[in-house]
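As a plain string of letters, each chain reads:
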Amino acid sequence: QNEATINNNYIGRNRHFANMTTLEHLPLNFPPNFNVTLTGSDSLSTHRRIINLSQYLSEMLDANKDIDRPGETLPDEFGNETWYLFGETFTKEWAEFLQHYNLPTCQS
């Protein structure tokens, strides 16, 4: 099963959210024209790019597939040419989606 950008290796309280973030299901949680804001991976994250979520997922998976490393960012790629979804998508749909994530309990 292919998984998107959120680590789904845990089980339990976020099982539903993990299922929502698979490549198959993630785009289904949003309207077809849903845009996300990407930032460059340079140290200042000064570059921004607004792109359709489905297009971002497609581009992410197509990256480096020609060398059998699909979806990976390689060490020789420039930070200002590499795009990540860090969390600058402030929309009602995104906020509703994140409500399905259960924060870990805080212990001291």
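Above: the structure in question.
A quick note: this is a predicted structure, and the numbers were derived from the prediction, not measured.

Some details on the sheet that holds strand β3 (residues 83-84)
Alright, step 1. Taking strand neighbours across the sheet as the criterion, the three strands line up as β2-β1-β3 in an open arrangement whose pairing is antiparallel. Two strands in the sheet have a free side with no partner beyond their single neighbour: β2 (48-52) and β3.
Alright, step 2. Lying over the sheet, helix α2 (residues 53-62) contacts β1 (35-40), β2 and β3, oriented at roughly 105° with respect to β2.

What to know about the pattern of salt bridges
Alright, step 1. Evaluation of the coordinates by the stated rule reveals two salt bridges.
Alright, step 2. Between E59 and R49 there is a salt bridge; the shortest N-O distance is 3.0 Å. Placement of the pair is E59 in helix α2 and R49 in strand β2, with a sequence separation of 10 residues.

A look at the nonpolar core
Alright, step 1. In this structure, F30, V36, L53, Y56, L57 and F97 are the most contacted members of the largest nonpolar core, which totals 16 residues.
Alright, step 2. Of all the elements in the fold, those that place two or more residues in this core are α1 (15-20), β1, α2 and α3 (92-98).
Alright, step 3. Aside from chain neighbours lying at most four places away, what touches L53 is L26, P27, F30, F34, N35 and V36.

Here we look at the packing of aromatic side chains
Alright, step 1. Taken as a whole and judged by the stated rule, the model has seven aromatic pairs.
Alright, step 2. Relative to F34, the ring of F30 lies with its centre 4.4 Å away and its plane at 20°, an arrangement referred to as stacked.
Alright, step 3. Overall, the relative accessible area of 7% leaves F30 in the buried class.
Alright, step 4. Given the relative accessible area of 6%, F34 is considered buried.
Alright, step 5. Relative to F97, the ring of F30 lies with its centre 5.1 Å away and its plane at 55°, an arrangement referred to as tilted. Of this pair, F30 sits in the loop between α1 and β1 while F97 sits in helix α3, placing them 67 residues apart in sequence.
Alright, step 6. Taken together, the aromatic side chains of F17, F30, F34, W94, F97 and Y101 make up a single cluster linked through ring pairs.

Reading the values: rules and limits
- Residues numbered from 1 in each chain as written.
- Predicted model: local features only at pLDDT ≥ 70, side-chain atom pairs only at ≥ 80, totals over all residues.
- Heavy atoms only, no water.
- Pairing = 2+ DSSP bridges.
- Helix = DSSP H or I, 4+ residues; strand = E, 2+ residues; numbered from the N terminus.
- Contact = heavy atoms within 4.5 Å.
- Axes fitted to C-alpha atoms, helices over the stretch in contact; angles between N-to-C directions.
- Salt bridge = Lys/Arg side-chain N within 4 Å of Asp/Glu carboxyl O.
- Core = buried A, V, L, I, M, F, W, Y, C linked by side-chain atoms within 4.5 Å.
- Buried < 20%, exposed > 50% of the residue type's maximum accessible area, 1.4 Å probe, protein only.
- Phe/Tyr/Trp six-rings, centres within 6.5 Å; stacked < 30°, edge-to-face > 60°.

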